[in-house]
Amino acid sequence: MNSKNYDVAIIGLGAMGSASAYHLARRGLRVIGFDRHSPPHDQGSSHGETRIIREAYAEGVAYVKIVQRAYELWAELEEESGRDLYLQTGGMMFGSDGSDMIAGAETSAVTHNLTFEKLSMDEVRHRYKIFNPDVDMTAIFDPRSGILYPESCVEAHLELAKRHGAELLFGQPAVSWDSNSDSVTVRTENGAYTAQFLILAAGSWLPQLLNGLEVPLQVERQVLMWYEPTANQELFRPENCPIFIWDTGPGIHFYGFPDLGTGVKVARMHFGDTATPENLRRDADADDDAPVRSFLEHFMPDVPGKLLSSQVCMFTNTPDEHFLIDLHPEYGNVVIASPCSGHGFKFASAMGEILADLATTGKSNFDISMFGLDRFDNINEQEIS
Ligand SMILES: Cc1cc2nc3c(=O)[nH]c(=O)nc-3n(C[C@H](O)[C@H](O)[C@H](O)COP(=O)(O)OP(=O)(O)OC[C@H]3O[C@@H](n4cnc5c(N)ncnc54)[C@H](O)[C@@H]3O)c2cc1C
């Protein structure tokens, strides 16, 4: 048993765990963190060069205040770490007028009085030669949208957490934990560590660490593709090309990024097989390329040239695709943190603050009730995988 007693232990030091370690250590708390790999790494959910951040949030008005806090904290992190973490490109969202993407983004923008533009397809074509929307589509331009560099974000949080005194153990999976009302003990192959509070931020490995609690989390394979444009290469550079999201039919979403020198990155959202971190197929093939290429041929015809590279990553999904953040129902000193369902990265800086608040005061300044476990109460046990 490690004789030192910590204030907070964190299992998983990816996007959410690294941010939590930073916020807690910055407040002077004694923090111990564990990761099975050496983050940033390419085995979980936080790799692949870029992540979208956007403010006019289509998934719900409740996310806007959290993402606004996240923008502030990313800027502070840039300042404190001296790194470039965010690139503002603006964002184009395409879809039919009543689609989830367009109606949702517009509702969030109007509710929170955000600056945005609603563009006709003629205006889109005039402004951006690279997009070829259908005539009956609508577009929303969100000027604060842009790119986060996930590996640098994780590295910055970890580096500064250490500088503020956190002890971070890499290559050391937590094999078990238990809790009583006074403390929590985390065990690795190298020892046991005691803390007052535990944050479970193990991403796609989280279901294995819930000590018997059944939660309807599902891990999904997600493939990222980088293409060499066949024409108008300079129009895909970030100064000319915003991030883009296309809602081409109910539940069919494609998204992508300008060319940062590695090609135009594009992916189809929620199209992958159910997986586990252990059985995930980590290479991409023609079946992954085909639907993305066919979408591009129609809507962004200058993009689908040579496939330059691909990467495979994991989503950890809830049934309603909202985050899961709640105290473990049996242990008031353990918080379960799964802000994913494929859209969590942009919030990581704010999630670190929220999780640090939960660990120290038991509550958050944000209304996080919609991320609670009780919404799964009526889900049939057979749906839990
Ligand atoms: C391909 C892809 C594209 C995405 N695009 C976007 C986007 O554009 N915008 C956006 O906002 N979000 C996006 N997301 C979602 C976002 O990336 C995730 O919500 C976020 O990365 C989740 O972070 P996490 O900390 O939960 O998981 P991770 O960053 O994977 O961290 C979990 C960590 O836990 C560690 N771990 C696991 N088990 C143990 C154990 N037993 N002991 C110790 N450590 C352990 C792992 O090694 C890992 O480092 C995307 C996700 C993917 C996969």
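On a predicted model such as this, the values are computed, not experimentally measured, just so you know.

1. Some remarks on the packing of aromatic side chains
Here is step 1: Inspection of the entire model under this criterion finds 21 aromatic pairs.
Here is step 2: Centroid distance Phe34 to Tyr193: 5.2 Å. Interplanar angle 65°. Geometry classified as edge-to-face. One end of the pair, Phe34, is in strand 2 (residues 31-34); the other, Tyr193, is in strand 12 (residues 191-200), with 159 residues separating them in the sequence. Here Phe34 and Tyr193 have matching classes, each one buried.
Here is step 3: Connected via pairs of aromatic rings, a cluster forms that spans Phe94, Tyr128, Phe131, Phe244, Trp246, Phe254, Phe295 and Phe299.
Here is step 4: In this structure, Arg127 is placed above the aromatic ring of Phe141, and the distance from its NZ or CZ to the ring centre is 5.8 Å.

2. Topic: the domain arrangement of the chain
Here is step 1: Segmenting the chain into domains produces domain 1 (5-46 + 151-214 + 320-377) and domain 2 (63-146 + 218-317).
Here is step 2: Here the C-alpha centroids of domain 1 and domain 2 sit 28 Å apart.
Here is step 3: Taken residue by residue, the interface counts 41 residues in domain 1 and 27 residues in domain 2.
Here is step 4: When domain 1 packs against domain 2, close to 2900 Å² is buried across both sides, 60% of that on carbon and sulfur atoms.
Here is step 5: Of all residues in domain 1, Ser204, Phe347 and Phe366 bury the most surface against domain 2, accounting for 17% of the area lost on that side.
Here is step 6: Our enumeration of links across domain 1 and domain 2 arrives at five salt bridges.
Here is step 7: When the shortest N-O distance is used, the salt bridge between Glu353 and Arg69 registers 2.7 Å.

About the cut-offs
Residues numbered from 1 in each chain as written. Predicted model: local features only at pLDDT ≥ 70, side-chain atom pairs only at ≥ 80, totals over all residues. Heavy atoms only, no water. Phe/Tyr/Trp six-rings, centres within 6.5 Å; stacked < 30°, edge-to-face > 60°. Helix = DSSP H or I, 4+ residues; strand = E, 2+ residues; numbered from the N terminus. Buried < 20%, exposed > 50% of the residue type's maximum accessible area, 1.4 Å probe, protein only. Lys NZ or Arg CZ within 6 Å of the ring centre and 35° of its normal. Domains from an automatic or database assignment. Contact = heavy atoms within 4.5 Å. Buried area = accessible area lost by both parts, 1.4 Å probe. Salt bridge = Lys/Arg side-chain N within 4 Å of Asp/Glu carboxyl O.

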